[in-house]
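Tertiary structure, described
Residues per chain, in single letters:
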Amino acid sequence: MIGKLKVRTRYPWFIAMVVCAGVPRPSVAQSALPIADEVGDCTVQLREVLRLGDSGDPGTIGSRPEITRTAAGHYVVASVENRGQLLVFDSDGAFLEVRGGNGDGPGEYRVPGRMRPGSDGSLRILDLVNRRITHLSPDGELLETTDIRSLHGLDFVTLAAGERHAVSGFGQIDDRLSATTEIVGRDGVRLASLGAAPVASWVVNFFRAPVALDGRGRVWTTRAGGYGFAAWDPDGGSEPLARLAGEPDWFDPGPPQPGAPVSAPAPSIVISLRVDRGLLWAGTWVADENREAGAAAPSPLELDRLLDTVLDVIDPASGALIARTRRDEALRGTGDDALLFGVREDGGIARAVIFEPVLTGPDCPAAIGLLGAHARRVSAGAYLYRDACRF
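These numbers come from a predicted model, not from an experiment. (Residues numbered from 1 in each chain as written. Predicted model: local features only at pLDDT ≥ 70, side-chain atom pairs only at ≥ 80, totals over all residues. Heavy atoms only, no water.)

So, about the overall build of the chain. Check the secondary structure of the chain and you find 0 helices and 27 strands. Expressed as a percentage of the 391 residues in the chain, the buried residues total 54%. A separation threshold of at least 6 residues defines the contact pool for the chain, and within that pool the share at least 24 residues apart is 54%. Carbon and sulfur atoms form 49% of the exposed surface of the chain, whose accessible area is close to 16,100 Å². (Helix = DSSP H or I, 4+ residues; strand = E, 2+ residues; numbered from the N terminus. Buried < 20%, exposed > 50% of the residue type's maximum accessible area, 1.4 Å probe, protein only. Contact = heavy atoms within 4.5 Å. Areas by Shrake-Rupley, 256 points an atom, 1.4 Å probe, with all protein chains shown as cover.)

Given below as structure tokens:
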């Protein structure tokens with residue numbers, strides 16, 4: 001059994017993801033399903049898929065890139081260092097081409113952030129500075145641009161065959177600056193708000209407020225400044241359809257530090273989220289438990305010296321903790337929500353290491369239903385999902 005993770009040290013130089021003035025409260029009190037903090041013999045194993053980045057490439061992977069895998073199996077990399085250019089690699093990690101460029105015109109980007117692939121091979125890119133979502137064809141041709149200037153978006157998922165987007169970030173909601181997830185149409189018009197939480201000021205950094213879409217079309221959001229998740233009807237509503245909340249002793253939101261240097265480690269913050277075959281997968285950055293007090297600030301490529309990643313797999317129907325694993329590196333989720341990646345320095349070159357996460361162990365579930373988890377062993381020490389009921 002994996003015991004509780006003990007990381008309670010607060011660093012005064014933490015960078016804040018948000019300055020949170022409180023978690024949004026529904027108009028009618030609603031209980032949150034508690035997330036268990038104990039787990040059996042089931043863990044998340046990371047299988048390395050490939051590595052991206054070479055000294056001969058025309059751009060760099062960058063220190064904090066965004067990466068996704070398209071329906072064709074190609075990998076697309078965006079980073080601040082490449083000034084609006086997207087690097088495209090084939091399924092074996094070989095460099096193919098550069099797309100886009102720096103600017104404000106059609107098909108150009110200032111800071112390309114989260115990228116979401118479509119099942120048809122297309123790609124949507126959220127520009128953090130231009131505040132818009134650009135839709136590209138499988139060949140990289142511009143199809144459509146959605147202006148979301150009412151929001152400073154950090155993450156998004158696409159709904160209803162591209163007719164709507166759920167965008168998480170910051171914006172003016174009912175004349176109050178809030179951390180929020182908004183439903184916007186293709187024309188950028190705000191259609192609904194999912195749980196806006198008032199904040200004291202704009203805090204913009206390179207982290208995201210992750211959102212995910214489940215098999216029932218619900219939008220899952222993270223709780224500002226805490227360890228919690230909520231499922232929402234994308235058509236709106238004053239309350240979420242389901243809420244999960246936990247208070248693990250390794251989660252430390254840290255004091256708000258507006259203006260803290262970006263080289264400092266963050267407070268505990270959920271950095272990746274996905275729903276796969278009825279299970280909620282969440283990755284949380286926490287301060288590296290091996291970091292020595294007073295140690296010199298690392299370079300941007302040494303994020304692993306500042307942060308660890310706690311990977312949790314949760315049954316959202318019961319709140320049961322299926323698996324928990326801690327990695328001594330900073331991992332993020334890809335835009336296709338199927339993989340995780342970290343960035344490592346190799347001879348002064350930034351390389352992205354892509355991982356496929358799988359569950360292994362005798363207590364891992366084989367199928368997840370609406371009433372909770374039940375396990376079926378399919379081989380010694382390993383479990384696979386069969387006929388899973390998707391959330």
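That was the structure; now back to the text.
Next up on the list: the side chain of Asp-288. Secondary-structure assignment places Asp-288 in the loop between strand 20 (279-287) and strand 21 (307-314). Within the buried set, Asp-288 has no salt-bridge partner at all; the shortest N-O distance to an opposite charge, 5.9 Å, is to Arg-326. A distance of 2.7 Å separates a polar side-chain atom of Asp-288 from the backbone nitrogen of Asn-290. (Lys, Arg positive; Asp, Glu negative; His and termini not counted. Salt bridge = Lys/Arg side-chain N within 4 Å of Asp/Glu carboxyl O. Polar contact = N/O pair within 3.5 Å; in protein donor to acceptor, adjacent residues only side chain to side chain.)

All right, on to the pairing of strand 11 (residues 151-159) then. Remark: a regular strand shows side chains that alternate across the two faces of the sheet. Counted residue by residue, strand 11 has 8 buried out of 9 residues, so it is predominantly covered. Of the pairings in the sheet, the one linking strand 11 to strand 12 (residues 164-173) comprises 8 bridges and is antiparallel in character. The partner of Leu-151 across the bridge, within strand 12, is Gly-171. What sits between the antiparallel neighbours strand 11 and strand 12 is a turn of 4 residues, in which Ala-160 has the positive phi angle 50 degrees. (Pairing = 2+ DSSP bridges.)

To continue, consider the sheet that holds strand 19 (residues 269-276). Pairing is antiparallel in the open sheet, where 4 strands are placed in the order 19-20-21-22. Here the strands that pair on one side only, and so sit at the sheet edges, are strand 19 and strand 22 (321-327). Going across the sheet, the axis of each strand differs from the next one's by a mean of 15 degrees, ignoring polarity. In the sheet, strand 20 pairs with strand 21 via 8 bridges, with the strands oriented antiparallel. Residue pairing in the sheet places Thr-284 in a bridge with Val-310 of strand 21. (Axes fitted to C-alpha atoms, helices over the stretch in contact; angles between N-to-C directions.)

So, about the sheet that holds strand 12. Reading across the sheet, the 4 strands line up as 11-12-13-14 and stay open at both edges, with antiparallel pairing between neighbours. For this open sheet the edge positions go to strand 11 and strand 14 (190-198), each flanked by a neighbour on one side alone. Sheet twist, expressed as the mean angle between neighbouring strand axes with direction ignored, is 25 degrees.

The next thing to look at is the confidence of the model for the chain. Residue-level pLDDT values for the chain average 82, and 80% of them are 70 or greater. Low confidence marks residues 257-263, where pLDDT is under 50. Its contacts with residues over four positions away, or in another chain, come to 13 contacts. Within the model, the stretch residues 367-391 combines pLDDT values under 50 with 71 contacts to residues more than four positions away or in other chains. (pLDDT = per-residue confidence, 0-100.)

Positive phi, close to 50 degrees, is recorded for Arg-83, a residue that is not glycine. Along the polypeptide, Arg-83 turns up in the loop between strand 4 (75-78) and strand 5 (85-89). On the accessibility criterion, Arg-83 (54% relative accessible area) is exposed. One non-glycine residue, Ala-161, lies in the positive phi region at around 55 degrees. Summarising the element assignment, Ala-161 is placed in the loop between strand 11 and strand 12.

Let us now look at the state of the cysteines. Each disulfide is one covalent bond, formed between the sulfur atoms of two cysteines. Counted by the stated rule, this structure contains 1 disulfide. What pairs with Cys-42 in a disulfide is Cys-364, and their sulfur atoms sit 2.1 Å apart. Handedness of the Cys-42-Cys-364 disulfide follows from its S-S torsion of about 105 degrees: it is right-handed. Linking Cys-42 in the loop between strand 1 (33-34) and strand 2 (43-52) with Cys-364 in the loop between strand 25 (349-360) and strand 26 (367-369), this pair joins segments that are 322 residues apart in sequence. Since its relative accessible area comes to 0%, Cys-364 is described here as buried. (Disulfide = S-S within 2.5 Å.)

Our next topic: the side chain of Thr-70. Topologically, Thr-70 is positioned in the loop between strand 3 (66-69) and strand 4. For Thr-70, a relative accessible area of 15% translates into the label buried. Ignoring anything within four residues of it in the chain, the contact list for Thr-70 reads Val-76 and Pro-117.

Attention shifts here to the pairing of strand 24 (residues 340-346). With 2 bridges joining them, strand 23 (residues 332-333) and strand 24 adopt antiparallel strand pairing. Its bridge partner being in strand 24, Arg-332 is matched across the sheet by Phe-341. Counting the residues between successive antiparallel strands, the hairpin from strand 23 to strand 24 contains 6 residues, one of them, Asp-337, with a positive phi of roughly 65 degrees. In this structure, the hairpin formed by strand 24 and strand 25 is closed by a connection of 2 residues, where Gly-347 is found at a positive phi of approximately 65 degrees.

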